[in-house]
Structure formats: structure tokens, C-alpha cells
Amino acid sequence: MLEALTGTGLAASAGLNAYIPLLTMGLLARFTDVVELPAGWQWLSGGWALVILAVLLAIEVVADKVPVVDHVNDVVQTVVRPAAGGLAFGAGAGAQTATVSDPGALGSRQWIAIAAGVLIALCVHGVKAASRPVVNATTGGLGAPVVSTVEDVGSAVMSVLAILMPILVLLALVLLAAGGTWVVRRRRRRRRQRRAVEGVETVRLFG
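Residues numbered from 1 in each chain as written. Predicted model: local features only at pLDDT ≥ 70, side-chain atom pairs only at ≥ 80, totals over all residues. Heavy atoms only, no water.

A few words on unusual backbone geometry. Not every positive phi belongs to a glycine, and Val-68 is a case in point at roughly 75 degrees. Relative to the helices and strands, Val-68 is located in the loop between α3 (47-63) and α4 (69-93). (Helix = DSSP H or I, 4+ residues; strand = E, 2+ residues; numbered from the N terminus.)

Time to look at the packing of helix α2 (residues 20-31) against α3. At a minimum axis distance of 10 Å, the contact between α2 and α3 shows a crossing angle of 145 degrees. Where α2 crosses over α3, the handedness of that crossing is left-handed. Residues Ile-20, Leu-22, Leu-23, Gly-26, Leu-27, Arg-30 and Phe-31 of α2 touch α3, and the partners they reach there are Gly-47, Leu-50, Leu-53, Ala-54 and Leu-57. A breakdown of the residues in the contact of α2 with α3 according to their chemical character gives nine nonpolar, two polar and one charged. (Axes fitted to C-alpha atoms, helices over the stretch in contact; angles between N-to-C directions. Left-handed = near helix turned anticlockwise from the far one by under 90°. Contact = heavy atoms within 4.5 Å. Nonpolar A, V, L, I, M, F, W, Y, C, P; charged D, E, K, R; others polar.)

Take the nonpolar core next. Within the largest apolar cluster, 23 residues are counted, with the highest numbers of intra-cluster contacts made by Leu-22, Met-25, Leu-37 and Leu-44. Secondary structure elements with two or more residues in this core: α1 (2-16), α2, α3, α4 and α6 (143-164). Apart from residues lying up to four places away in sequence, Leu-37 is in contact with Met-25, Ala-29, Gln-42, Leu-44, Ser-45, Ala-91 and Ala-95. Grouped together as the second largest cluster of nonpolar side chains are five residues, Ala-12, Leu-16, Met-158 and Ala-172 included. (Core = buried A, V, L, I, M, F, W, Y, C linked by side-chain atoms within 4.5 Å. Buried < 20%, exposed > 50% of the residue type's maximum accessible area, 1.4 Å probe, protein only.)

Before going further, it helps to spend a moment on a nonpolar patch on the surface. A surface patch of nonpolar side chains, about 540 Å² in accessible area, is lined by Leu-2, Val-160, Leu-164, Met-165, Ile-167, Leu-168 and Leu-170. As for its position among the elements, Leu-168 is in the loop between α6 and α7 (169-206). (Patch = residues over 30% accessible without salt bridge, like charges linked within 9 Å, V, L, I, M, F, W, Y side chains within 5 Å. Areas by Shrake-Rupley, 256 points an atom, 1.4 Å probe, with all protein chains shown as cover. Salt bridge = Lys/Arg side-chain N within 4 Å of Asp/Glu carboxyl O.)

Shown next, in the form of C-alpha cells:
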């Protein structure tokens, strides 16, 4: 149960920012005893892997805070974030952590964990990508850096919780679900308003 929550939290975190959960696991595994990565995933704590993840994270942090550029970044990340979610779930669910001292061996079912991580990260990414145009439109682009910062902090907090207190991942998932519901309702409202405005303009033009 806790292994699944750890993997779920890390995958959801990857849906917000692909590199934060991977970098978190790598750093903790390399410099602390909090995480012991399973065989096959220890490359995450390698020096070059950490440097590459840090550089990619820096690029992501900047790109995601610039209006218009953030939309292009989200399109590119449609592939990257789910892939990172699969890696994060696979590595996290099989790792020994402060709360999981004897993780279940996934063995030949490793692909199930990766597939679950891909799906979870894709869903979270979809909500994130759908919410950004709403934020940019309602704030004139000024809200992009604020929302992006909140997402980065949320990704970091969820990554840490998934490793140290995975039971709290359930609360984080509830908050994400509430945010997704708000985004869907907001987009539907904006579509209805746009259709109403277009209808009025059509009547004025041809009426």
C-alpha cells in the first residue's frame, strides 16, 4: 500500500514538473540514507544524471513562467512528463525509504508500475496544461509565473511527502482532483460566454 502511494505521489509530482521528483530521489539516494533505489534504478543517483536533471529543471522553471512560451513548453512536456512519471513510479515503488523498509518485488510486473506512472502523470499534466490558458487569459499573462511557482513548490512538496509520509499523498491527490474540477468548470464557463458573445455579434451583423 505504502509503495503504491509513494509511486503515485512521485508520478503525480512529475505531472506538474517532470524533473523535480527524479532529482529529489536521486539527491536523497546519493547524499542520504533516506532512499535506497532498487537495482536497475540506481543510475538516478549518478553524478551525470543529477547534473542533467538539474539543467533540465532550470530550463523548465524559466520556460514555464513566460506566457506563450509556457504553452509551447506544455506541448513538448506532453511526452516528457508522462515518461518521467513512469520512471518515478517504477523507481519510487521499489525503493527502500524512511517508511518502506521492505518494498514488494515488482519483478516481471515492473511494466505495470511504469504504465501506472505514465497514466497518472499524463492526467495531472492534462489538468496543468488546460488550466494555464485560463490563467493567462484572466490575468493578462501576469498570473503565469505565480501559478508556475505554486506548481513547482507543489511538485517538490509532493515528492518529499511521497518518500517520507506517503499516506499524506492521499490528501494531495484530493487537492489535485479539486483543482482539476475547477479547471474543467472554468473552461466550460468561458466557452459558454464566448459562444454567447459570438451569437450576439452574429445577430448584430445579420439581424
